[in-house]
Amino acid sequence: MFDTNEEESRRRFLQLVGIGVLGGWSLESWSGLAPPEPMPQATCALPSHGAATAFRRDCRPIRPRQVADRLTPAEVDQLKAAYQAMRALDTSDPSDPRGFTQQANVHCVFCATNDPALQMHFTWRFFAWHRAYLYFHERILGKLINNANFRLPFWGWDSGFRNLPQPYVTPNDATNPLFNSTRALAPGTGLDLANVGPTVINGVLTLGSFDDFGGTATASGTPEGNPHGTVHVNVGGLNGDMSAFSTAARDPVFYQHHATVDRLWSDWNKASPTHTNPTDPAFTGLTFNFFDENKVWRSITAAQVLDHENSLRYVYEPYRFWEQFICLFWRPFPIDWRLTRKIVIPRTNPALYKALSGETPIRFNVRGLELPRDRSAIYRIYASEAEAKADAGDKSPGFLGATSIVLNDPGNRHPVRGTQNVVLNVRQEVRATLARGEAIQPWVVGGGDQKTPKRSFPLRAADVLVAVGTAEQEK
Ligand code: C2O
């Protein structure tokens, strides 16, 4: 299924290894994987507006966002009526910023761009901006059906609801305002466990710092690549709306997906008293703009979205099948990755050896992961080349995790900027290898579908650290 051309993959391998030995890992040298080329920006714009008015206190009742598959028939009717009304604005008044296409364009303007001043992905803006976007979207939907108690449901792939939510596929045709014809994921087929399974969800909910969870001023957090990006590509395939930022919000299930991403943030905050959001004014002062339910151009700050319950008037229905969180304190240890491009536990670190032989959870903190950026794709990471080639996913003992690349626009192969920081879970077999003093060279595979072969290559990253988790009270 992957690397059908053995000779080419061998050449690519040698090339990468050679480059690694020389220590130069520039993007230009990644010729075997089609380096991205600068392309024009996606074209989308918002209706004109004057200066923004500050967000006003919301005094509506606090209501739950519920799992879409658990809505009552009456609630499903409300949801469909709201999207029906939103879609109707597309024809009755295409310049109304509350229309469905205009709402999708918001995502196109702020997320399908290479202008770092606008782009809302790949940094700590990601969670805060998308929360605000969904909030205004939700208020518009409520206003259109005249229901102040309306709240967006959420997909719930974090809690075992892996299929497309029933209301979004029933009926599965254009008579349903929640339908989209470009989905690659068929109704009744679940999202991949490697992207939304318990290991992944528990893994992100126990990340130790906002840097790792939500990103920094210059890098994205772990969940942005997986599950966030992988679910985009799982739903959209290589070319569906969900697989590019310019078109993603044209699929109503986008908002379901992002409400689940938003709930992850909410749950991460609750999972430990140490899971706090940044207090740096560079973060809290981030200011975002949206049209509200009365077509007023508003500004809202990151500080104003942090307490979603009191400020934005919604909570998440508590519902999770497997949750069992312990407060962990993660201590990252440096290894010789920069020299060897392999994971070996330094002999000089008895603390790490001790942790490996015990029960303590171990993770790899990958900094500055590089991936080919010529197509929207899911990439899975394994502890060896052989396992990557077999690509058995979550079931494989050396499976370390997944991440993704989502392009700005299907016609815009210019990469989204930057590299990723990813935290990988390490299972028993892999720690046993490390405890024996053996080296691990992680391999990456992915980027294919029924028509396009997968490709595999050694993991490239600026640095890898080995993090050991201990229960906070033991510290
Ligand atoms: Cu702004 Cu999931 O994308």
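The following refers to the structure shown. These numbers come from a predicted model, not from an experiment.

**As for the sheet that holds strand E6 (residues 328-334)**
Now for step 1: In spatial order, the strands read E6-E13-E7-E10; together these four strands make up an open sheet with antiparallel pairing. The outermost strands of the open sheet, each flanked by one partner alone, are E6 and strand E10 (420-425). Each adjacent strand pair in this sheet contributes to an overall mean axis angle of 30°, direction not counted.

**Section: the state of the cysteines**
Now for step 1: By the definition in use, this model includes one disulfide.
Now for step 2: Bridging Cys44 to Cys108, the disulfide has an S-S length of 2.0 Å. Here the disulfide of Cys44 and Cys108 is left-handed, its torsion about the S-S bond being about -85°. With a gap of 64 residues between them, Cys44 in the loop between helix H1 (6-22) and strand E1 (53-54) and Cys108 in helix H3 (residues 100-111) connect regions that are remote in the sequence.
Now for step 3: With a relative accessible area of 22%, Cys44 lands in the partly exposed category.
Now for step 4: Note on Cys111: no disulfide assigned, nearest cysteine sulfur contributed by Cys108 at a separation of 9.0 Å.

**Quick notes on helix H9 (residues 222-236)**
Now for step 1: Over its 15 residues, H9 runs 21 Å from end to end, which matches the ideal 21 Å to within 8%, given 1.5 Å per residue.
Now for step 2: Of the residues one or two after H9, Gly237 is the one with positive phi, at around 65°.

**Some words on the pattern of salt bridges**
Now for step 1: Per the counting criterion, the structure on display carries 23 salt bridges.
Now for step 2: For Lys295, the salt bridge is made with Asp96, and the minimal N-O distance between the two is 3.7 Å. Of this pair, Lys295 sits in the loop between strand E3 (287-291) and strand E4 (297-301) while Asp96 sits in the loop between helix H2 (73-92) and H3, placing them 199 residues apart in sequence.
Now for step 3: Residue classification places Lys295 among the partly exposed positions, given a relative accessible area of 40%.
Now for step 4: Judged by its relative accessible area of 2%, Asp96 falls in the buried class.
Now for step 5: Arg455 is the partner of Asp374 in a salt bridge, and the nearest nitrogen-oxygen pair spans 2.6 Å. Remark: Arg455 occurs in strand E12 (residues 455-458) and Asp374 occurs in the loop between strand E7 (362-369) and strand E8 (377-382); sequence separation between them is 81 residues.
Now for step 6: A residue is classified by how much of its surface remains accessible, and Asp374, at 9% relative accessible area, is buried.
Now for step 7: Assessed through its relative accessible area of 8%, Arg455 is described here as buried.

Reading the values: the criteria
- Residues numbered from 1 in each chain as written.
- Predicted model: local features only at pLDDT ≥ 70, side-chain atom pairs only at ≥ 80, totals over all residues.
- Heavy atoms only, no water.
- Pairing = 2+ DSSP bridges.
- Helix = DSSP H or I, 4+ residues; strand = E, 2+ residues; numbered from the N terminus.
- Axes fitted to C-alpha atoms, helices over the stretch in contact; angles between N-to-C directions.
- Disulfide = S-S within 2.5 Å.
- Buried < 20%, exposed > 50% of the residue type's maximum accessible area, 1.4 Å probe, protein only.
- Expected span 1.5 Å × (residues − 1).
- Salt bridge = Lys/Arg side-chain N within 4 Å of Asp/Glu carboxyl O.

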